[in-house]
Amino acid sequence: MNELVNGWQEIAITAASLAGIAFLAGVALYYAAKVFAVEEDPMVEAIEDILPGANCGACGVPGCFSFAEKVAKTKDMSLYCPVGGQELSDDMADLMGLEAVEQDKLVARVMCQGGNFSTRTGQYQGIKSCSAVSTIHQYDLTCPYGCFGYGDCVTSCDFDAIHIINGVALVDEEKCTACDACVIDCPINIIEMQPYDKTVFIACKSIDSGGAVKKYCEVGCTGCKKCVKACEHEAIHFDSFLATIIPDKCTNCNDCVDKCDTHTIVISKDGIAQIKDKLVENAEVNV
Amino acid sequence: MLKSTFNLGGIHPPENKKYSEGKEIRNISVPEQVSINLNQHIGRKAKAVVEKKQEVSVGDILGEADGFISALVHSPVSGTVKKIEQKMTAAGMVESTLTIDVDVEKTAEDSKKYEMKKEVDIDQTSKEDLLKMIQDAGIVGQGGATFPMHVKLSPPPDKQVDILILNGAECEPYLTADHQLMLEKTDEILLGVRVIQKVSNVKQVHIGIEENKPDAIKLFTERISATGIQNCQVSALKTKYPQGGEKQLINAITGREVPSGKLPFDVGVLVQNVGTIFAVYEAVFYGKPVIDRVTTITGFVKKPGNFRIRMGTAFSHAIEDGAGGFIDEERVRSVVNGGPMMGKSIRQLDVSVMKGTSGIVALSDHEFVFSEEGPCIRCGRCIDICPMGLMPVNLADDTILKNGTELLDSMDCIECGSCSYVCPTSRKLVHWIKIGKGVYRTWKAKEESYKTDQ
């Protein structure tokens with residue numbers, strides 16, 4: 001019986017002393033929290049809540065939290081999250097009670113649609129990756145400027161917005177967030193950032209003469225200058241057998257698109273795939 | 001005689017030199033059109049100094065050296081410049097290229113000026129004059145690395161070079177051009193050696209020849225004692241690939257080891273290919289710039305052999321005219337620029353011969369076997385044979401993971417191809433390491449930019 005009583009006493013002492021320590025620690029922590037309190041901007045948390053949370057780094061800072069911090073600190077509304085887009089910029093401006101800055105939505109565009117429309121010489125049997133191909137300069141595409149089509153950009157895309165179709169990379173512009181990952185990973189710089197609104201672009205980078213291009217690619221720019229003549233807005237720049245559209249001057253009138261015999265000028269809204277289908281149909285008819 | 005070799009790794013691939021071994025050096029006819037690349041050497045590419053439709057004759061300067069680490073490009077033919085365009089070179093790069101329509105008769109006539117031997121007394125000519133002659137001839141290393149010769153001969157003043165090694169190892173399978181050149185032009189090469197002795201003040205000259213060329217070893221030993229050339233000896237080497245690698249050859253002959261990231265002159269050695277030395281001889285005694293070179297055309301061709309080819313000759317012309325064409329065009333699987341171990345397979349036959357083209361090897365479906373890359377089975381054979389003491393398997397894995405921090409070693413890789421050769425599952429190890437070098441450079445640049453930001 002004695003042992004039992006002693007037992008209860010021991011438990012009581014332990015419980016009491018632990019409770020005492022807990023109370024003291026609680027008091028100490030309470031005062032420590034008061035004394036060493038860090039002033040945190042509630043805005044950071046609020047902004048982080050509305051960010052997409054992709055942590056892709058497309059905005060230029062590492063991760064969404066750092067971006068939220070930067071926005072809250074600088075109150076600079078021209079900071080732009082390409083994943084969230086204009087909608088997010090508006091929301092952020094509302095939250096902070098500031099004016100939103102209009103931003104152009106950008107998309108990545110592959111400036112080549114050669115792929116299966118382009119001839120190939122030799123047979124590449126090395127590692128199936130674009131960076132591997134570009135380190136040894138041994139590839140099977142005849143065009144020295146075109147997309148290899150081994151898909152380094154596909155692996156780099158976090159948003160499933162780029163795929164290899166018909167042997168060439170194709171961007172799904174609705175999914176593209178302009179995070180720049182594919183632009184950085186492309187060893188031949190065939191992917192460019194362009195404004196989403198300007199739907200017309202010239203998908204070729206070959207600066208070879210027209211005759212040379214015709215030999216190796218059905219859809220390459222031959223430098224015929226028909227588009228330059230057709231454009232009323234002087235929006236087409238022409239240099240060394242290659243036409244390029246200046247987005248600032250382009251009005252989406254699509255005059256040049258019909259004039260282009262090789263279908264090098266494409267309307268992104270139509271989808272490049274459709275134009276390719278057309279070409280395939282034509283080819284079948286000819287056969 | 002004690003035969004030495006390098007101490008780490010090495011392999012013994014089948015030599016296959018029998019096709020062209022001992023075949024006399026023959027000239028290949030001048031083609032109707034040549035295309036001269038302006039980037040035939042390491043360093044800055046040459047600047048074109050001629051214009052379209054301009055008449056040029058043999059030996060005229062087409063491209064001027066742009067900076068110190070660069071070399072002149074001379075016209076190998078007489079004719080008219082047809083166009084200057086971007087064209088694919090034998091190395092696979094797209095470079096600015098001059099296409100020249102050749103006047104065959106005039107070329108033959110103009111070439112005669114290089115057949116007259118000048119009386120040059122090496123002892124009386126000053127060091128600077130000799131160096132000037134070498135620089136004006138546009139000589140670059142003909143072993144394959146194409147490093148401008150005059151840069152190699154003028155090391156920084158604090159580096160003393162005391163040994164010259166003549167690289168006659170020719171360890172690449174199939175190739176016999178250097179071997180044949182050594183047999184035919186022994187005295188000329190020894191005169192070239194004397195020029196280099198004078199220019200760079202070396203105390204000792206070693207001529208490194210692998211023991212699979214006993215006739216060359218014998219001939220050189222005889223001629224050295226006959227001509228009474230000072231401080232020069234033949235070093236016979238055990239046959240092992242890659243003996244002809246600069247760092248391996250230095251290790252085999254002198255026992256010195258070139259530290260990581262350093263050049264041979266850091267250990268006081270100068271290595272020159274025999275072909276380069278012969279070009280030096282021609283430049284000094286004939287005033288002849290590099291307008292042709294000796295190249296082996298071998299493998300699956302009708303008449304394999306060693307040929308003197310003018311720069312800018314298309315591979316197709318060289319194979320048709322010199323080697324009599326392919327045995328069976330249907331069965332050709334690959335035509336390699338260089339030797340089969342380190343050379344690159346070319347995509348089309350209209351690329352032209354450059355200063356660094358040491359061989360043209362056609363491989364048939366029997367010789368060229370392609371197998372898909374398998375998984376690593378951790379056998380460690382690549383580590384055993386790596387002549388640089390690297391771990392190719394780890395470097396390849398780090399490249400796949402884009403692990404820049406671990407890839408410093410990849411910069412020491414000499415890309416000899418031994419690891420890919422021994423891999424039982426056909427992993428493309430050298431290719432991965434080549435990519436790894438790029439990954440490391442990007443990572444390094446990023447690190448440095450962070451540092452400067454802070």
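Residues numbered from 1 in each chain as written. Chains lettered and ligands numbered in written order. Predicted model: local features only at pLDDT ≥ 70, side-chain atom pairs only at ≥ 80, totals over all residues.

Trainee: I'd like a rundown of the overall build of chain A, residues and numbers included.
Mentor: The number of helices and strands found in chain A is 11 helices and 8 strands. By principal-axis analysis of the C-alpha atoms, chain A measures approximately 105 × 50 × 35 Å. Here chain A holds 287 residues, and the buried ones make up 31% of them. (Helix = DSSP H or I, 4+ residues; strand = E, 2+ residues; numbered from the N terminus. Buried ≥ 20, exposed ≤ 12 C-beta atoms within 10 Å, placed from the backbone.)

Trainee: Hey, could you go over the confidence of the model for chain B for me, with residue numbers and the actual values?
Mentor: Of the residues in chain B, 99% have a pLDDT of 70 or more, and the chain-wide mean is 90. Across the interface, the model reports ipTM at 0.78; the global pTM reads 0.83. (pLDDT = per-residue confidence, 0-100.)

Trainee: Break down helix α13 (residues 429–453) of chain B for me, with residues and values.
Mentor: Given a rise of 1.5 Å per residue, 25 residues ought to cover 36 Å, and the 36 Å separating the end C-alpha atoms of α13(B) matches this to within 8%. The complete set of buried residues in α13(B) reads B:Leu429, B:Val430, B:His431, B:Trp432, B:Ile433, B:Ile435, B:Gly436, B:Val439 and B:Tyr440. Tucked into the core, α13(B) has its buried residues touching α5 (130–136) of chain A together with α10 (381–385), α11 (392–400) and α12 (418–422) of chain B. (Expected span 1.5 Å × (residues − 1). Contact = placed C-beta atoms within 7 Å.)

Trainee: Kindly report on the nonpolar core, identifying the contributing residues and their values.
Mentor: Ranked by size, the top nonpolar core spans 189 residues in total, and within it A:Val110 and B:Val280 carry the most contacts. When residues in this core are grouped by element, the largest group, 8 residues, is from helix α8 (residues 274–286) of chain B. Aside from chain neighbours lying at most four places away, what touches A:Val110 is A:Cys147, A:Val168, A:Ala169, A:Leu170, A:Val171, A:Ile190 and A:Ile191. (Core = buried A, V, L, I, M, F, W, Y, C linked by C-beta atoms within 7 Å.)

Trainee: Give a detailed account of the packing of helix α2 (residues 42–50) of chain A against helix α3 (residues 64–74) of chain A, specifying residues and quantitative values.
Mentor: Residues and elements named next belong to chain A. The contact between α2 and α3 brings their axes to 8 Å, and the two run at 130°. Comparing the axis directions of α2 and α3 gives the class oblique. Here α2 and α3 pass one another in a crossing that is right-handed. In this structure, α2 contributes Met-43, Val-44, Ile-47 and Glu-48 to the contact, and α3 contributes Cys-64, Phe-65, Ala-68, Glu-69, Val-71 and Ala-72. By residue class, the composition of the contact of α2 with α3 is 8 nonpolar, no polar and 2 charged. (Axes fitted to C-alpha atoms, helices over the stretch in contact; angles between N-to-C directions. Parallel < 35°, antiparallel > 145°, perpendicular 65-115°, else oblique. Left-handed = near helix turned anticlockwise from the far one by under 90°. Nonpolar A, V, L, I, M, F, W, Y, C, P; charged D, E, K, R; others polar.)

Trainee: Residues and numbers for the sheet that holds strand β3 (residues 47–48) of chain B, please.
Mentor: All names here are of chain B. Pairing in this open sheet of 3 strands is antiparallel, and the strands run β3-β5-β6 from one edge to the other. Each edge of the sheet is formed by a strand with only one pairing partner; in this case those strands are β3 and β6 (73–74). Pairing of strand β5 (residues 61–64) with β6 involves 2 bridges; the strand directions are antiparallel. When the bridges of β6 are listed, Ile-61 appears paired with His-74. (Pairing = 2+ DSSP bridges.)

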